[in-house]
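Per-entry structural report
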Amino acid sequence: MTVDSSAASKPRRSTAGKAGTTGTKRTTRSTAKKSSEPELVQLLTPEGKRVKNAEYDGYVAGITPDELRGLYRDMVLTRRFDAEATSLQRQGELGLWASLLGQEAAQIGSGRALRDDDYVFPTYREHGVAWCRGVDPTNLLGMFRGVNHGGWDPNSNNFHLYTIVIGSQALHATGYAMGITKDGADSAVIAYFGDGASSQGDVSEAFNFAAVYNAPVVFFCQNNQWAISEPTEKQTRVPLYQRAQGFGFPGVRVDGNDVLACLAVTQWALERARAGEGPTLIEAYTYRMGAHTTSDDPTRYRHDDERASWEAKDPILRLRQFLESANHADEGFFAELEAESEALGKRVREVVRSMPDPDDFAMFENVYADGHALVDEERAQFAAYQASFADAEGGN
């Protein structure tokens, strides 16, 4: 879904993210967070009330009730898939899982702002963006089950494979954006990364290259407050969106739990990129409701009351309250969606458990274009090792 934005004027660079007092207190076991945060772009309050924003209202002015219900459906089904994947990992069906719980609005809002010909470079947590790009959710799980290196063709959906190396996709996105400019295309590129990745040298290099070459790329930082166990204040002395100023392009902080604001700001940034105006940094100010991954224990470094304060800003509940107050959805809609959600969970379980194991010897293929003596030796050693188990079983 792309919302018509012809009536909207482009925001001034100097007005995005003025210093203010909106924000949330956060207390950690070792660090007390500042009591105020800079203003952020918000179109829906945590209570589901629509608020006006002269700079960005035009980007969602034509959104229909069907499209609003579609955004809600996207977030609900993405959360259901994510919860199922977490359960599957706990049951031993997946080796690891990185949950997006709490970040649905940032991903669905930005994902639905994209055109089909735009290209996405994700991290390993962009399950909602993958959903928006038409990637079957079950295809995301092969890598986490250890049966493949990524279960989809990136060029089929213009959605790159998940990137595990922190921050490197920002450089990949910038290079791709520079390439499509030389090809004469009017599409844009978006790179997703987290607040922790903003400390990586690759991200700073990407910012610099994108600015110098005026690359049509949007850098979308999901600031979920925690880089594993490191709070944001140990990553930066200034709000992350302000880093763009040092590289010569605009930065905007948006309420990452407000799907409408994320949709509007991302569409503005993408249109700016397609018009040849260069890169933009969007900081989606959100919160990681769960663990960094299923191998993490967040109770060791943050308090329950912090999570409770963010639960009150839940992105799904926020949009539901708006839909109900505007009479855009009834109980029948929510009941049908609940049934669809359960069906999705069941399908995910069935597909994952039926995924075939990869060929044991596939890892020796395509290492070199031609044969290699060392690889042949290693293959033979592995074959002997595998055969030893059969010999042991036969001896019993």
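This is a predicted model, so every value here is computed, not measured.

1. Section: the sheet that holds strand 3 (residues 217-223)
- Across the sheet, which stays open at both edges, the 5 strands sit in the order 1-2-3-7-6 with parallel pairing between neighbours. Looking along the sheet, the strands with just one partner apiece sit at the ends: strand 1 (119-121) and strand 6 (251-255). Ignoring strand direction, the axes of neighbouring strands in this sheet form an average angle of 20°.

2. Digging into the nonpolar core
- One finds Tyr72, Leu141 and Leu319 to be the most contacted residues of the largest nonpolar core, which totals 70 residues.
- Top element by residues in this core is helix 9 (residues 259-274). It accounts for 11 residues.
- When neighbours within four sequence positions are excluded, Leu141 is seen to be in contact with Phe81, Ala85, Leu94, Trp97, Val348, Val352 and Met355.
- Val189, Phe207, Cys221 and Ala244 belong to the second largest nonpolar core, which has 22 residues in total.

3. Some points on empty space enclosed by the protein
- Under the counting rule described, the total for this entry stands at 2 cavities of 30 Å³ or more.
- In this structure, the largest cavity spans a volume of roughly 50 Å³.
- Lining of the largest cavity is provided by Phe193, Ser198, Val203, Phe207, Cys221, Leu240, Arg243 and Leu281.
- Residue classes in the lining of the largest cavity are distributed as 6 nonpolar, 1 polar and 1 charged.

4. Some remarks on the confidence of the model for the chain
- Averaged over every residue, the pLDDT of the chain is 90; the share at 70 or more is 89%.
- Note on residues 1-35: pLDDT under 50 across the span, and 94 contacts to partners over four residues away in sequence or across chains.

5. So, the packing of helix 2 (residues 104-111) against helix 9
- Look at helix 2 against helix 9: their axes get within 7 Å of each other, and the N-to-C directions meet at 40°. As far as their axial angle goes, helix 9 and helix 2 are oblique. Crossing angle aside, the handedness with which helix 2 passes helix 9 is right-handed. Residues Ala105, Ala106, Ile108, Gly109 and Ser110 of helix 2 touch helix 9, and the partners they reach there are Val259, Cys262, Leu263 and Thr266.
- Here the contact of helix 2 with helix 9 is built from residues that sort into 6 nonpolar, 3 polar and no charged.

6. Section: a nonpolar patch on the surface
- Taken together, the side chains of Phe209, Val212 and Tyr213 make up a nonpolar region of the molecular surface, amounting to roughly 330 Å² of accessible area.
- Tracing the sequence through the fold places Val212 in helix 7 (residues 201-212).

7. A short note on the pairing of strand 2 (residues 189-194)
- With 5 of its 6 residues buried, strand 2 lies for the most part within the structure.
- Direction of pairing for strand 1 relative to strand 2: parallel, over a ladder of 3 bridges. Bridged to Tyr119 within strand 2 is Val189.
- Bridge analysis of strand 2 against strand 3 gives 6 bridges, and the strand direction is parallel.

8. Focus: the environment of Asp116
- Mapped onto the secondary structure, Asp116 falls in the loop between helix 2 and strand 1.
- Under the relative-accessibility criterion, Asp116 is labelled exposed at 72%.
- Not counting chain neighbours up to four residues away, the residues in contact with Asp116 comprise Arg133 and Asn158.

9. A look at the packing of helix 1 (residues 65-90) against helix 9
- In contact at an axis separation of 11 Å, helix 1 and helix 9 are set at 105° when each is read in the N-to-C sense. Judged on the interaxial angle alone, helix 9 and helix 1 are roughly perpendicular. Here Leu68, Leu71 and Met75 of helix 1 come into contact with helix 9, specifically with Val259, Leu260 and Leu263.
- Among the residues forming the contact of helix 1 with helix 9, the class breakdown is 6 nonpolar, no polar and no charged.

10. A short note on helix 1
- For helix 1, with 26 residues, the first-to-last C-alpha span of 38 Å sits near the 38 Å given by 1.5 Å per residue.
- Where helix 1 terminates, the next one or two residues include Gly92, which has phi positive at roughly 85°.

11. A word on the packing of aromatic side chains
- For the coordinates displayed, the defined rule picks out 29 aromatic pairs.
- Ring geometry for Tyr56 and Trp268: centres 5.9 Å apart, planes at 85°, overall edge-to-face. Placement of the pair is Tyr56 in the segment before helix 1 and Trp268 in helix 9, with a sequence separation of 212 residues. There is no split in this pair, since Tyr56 and Trp268 are both buried.

About the criteria used
- Residues numbered from 1 in each chain as written.
- Predicted model: local features only at pLDDT ≥ 70, side-chain atom pairs only at ≥ 80, totals over all residues.
- Heavy atoms only, no water.
- Pairing = 2+ DSSP bridges.
- Helix = DSSP H or I, 4+ residues; strand = E, 2+ residues; numbered from the N terminus.
- Axes fitted to C-alpha atoms, helices over the stretch in contact; angles between N-to-C directions.
- Core = buried A, V, L, I, M, F, W, Y, C linked by side-chain atoms within 4.5 Å.
- Buried < 20%, exposed > 50% of the residue type's maximum accessible area, 1.4 Å probe, protein only.
- Contact = heavy atoms within 4.5 Å.
- 1 Å grid on protein atoms, 1.4 Å probe; cavity = no way out; pocket = protein on both sides within 12 Å on 5 of 7 lines; lining within 4 Å.
- Points joined across faces, edges and corners; volume = space filled by probe spheres on them.
- Nonpolar A, V, L, I, M, F, W, Y, C, P; charged D, E, K, R; others polar.
- pLDDT = per-residue confidence, 0-100.
- Parallel < 35°, antiparallel > 145°, perpendicular 65-115°, else oblique.
- Left-handed = near helix turned anticlockwise from the far one by under 90°.
- Patch = residues over 30% accessible without salt bridge, like charges linked within 9 Å, V, L, I, M, F, W, Y side chains within 5 Å.
- Areas by Shrake-Rupley, 256 points an atom, 1.4 Å probe, with all protein chains shown as cover.
- Salt bridge = Lys/Arg side-chain N within 4 Å of Asp/Glu carboxyl O.
- Expected span 1.5 Å × (residues − 1).
- Phe/Tyr/Trp six-rings, centres within 6.5 Å; stacked < 30°, edge-to-face > 60°.

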